[in-house]
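# Topology and contacts: notes
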Amino acid sequence: MGADELRIHVNGEARVLPAGSTVADLVRALGLAAAQVAVERNKAVVRRAEHATTPLAEGDRIEVVTFFGGG
């Protein structure tokens, strides 16, 4: 793994992302819509308004929960 990558865990699975990635970058990489997810970083909820400004760091543990509406 190079200095241009970081290794994190997303919902218990190891994942490698480019260095400098944010929570918003991760949500996009997962193919999810920001409005339909809740994200927790190292056991702290990341508000949706802060996804784009919250950087990911080596070893972060991320939990992503998706919401789907129905009727």
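See the structure above.
Residue numbers run consecutively from 1 along every chain, following the written order of its sequence. Local features in a predicted model are, by the rule used here, given only for residues with pLDDT of at least 70; side-chain atom pairs are given and counted only at 80 or more, and totals for whole chains, interfaces and linings are based on all residues. Calculated side-chain values reflect all of the structure's heavy atoms, with hydrogen atoms and water omitted.

### With respect to the sheet that holds strand S5 (residues 61–66)
Read across the open sheet, the 5 strands follow the order S2-S1-S5-S3-S4; overall the sheet is mixed. Two strands in the sheet have a free side with no partner beyond their single neighbour: strand S2 (13–18) and strand S4 (44–46). Averaged over all neighbouring strand pairs, the angle between strand axes comes to 35 degrees, with direction disregarded. Two strands qualify as a pair provided DSSP detects at least 2 bridges between them. Numbering goes from the N terminus for both helices and strands, where a helix is a DSSP run of H or I of at least four residues and a strand is a run of E of at least two. Alignment of strand S3 (residues 37–41) against S4, held across 3 bridges, turns out to be antiparallel. All axes here are fitted lines through C-alpha atoms, helices being fitted over the stretch that makes contact, and every angle between N-to-C directions spans 0 to 180 degrees.

### Considerations on the pattern of salt bridges
Only one rule defines a salt bridge in this text: a Lys or Arg side-chain nitrogen within 4 Å of an Asp or Glu carboxyl oxygen. Applying the stated criterion across every chain, the model contains 3 salt bridges. Here arginine 41 makes a salt bridge to aspartate 60, at a shortest N to O gap of 2.7 Å. Note that arginine 41 is positioned in strand S3 and aspartate 60 in the loop between S4 and S5, a separation of 19 residues in sequence.

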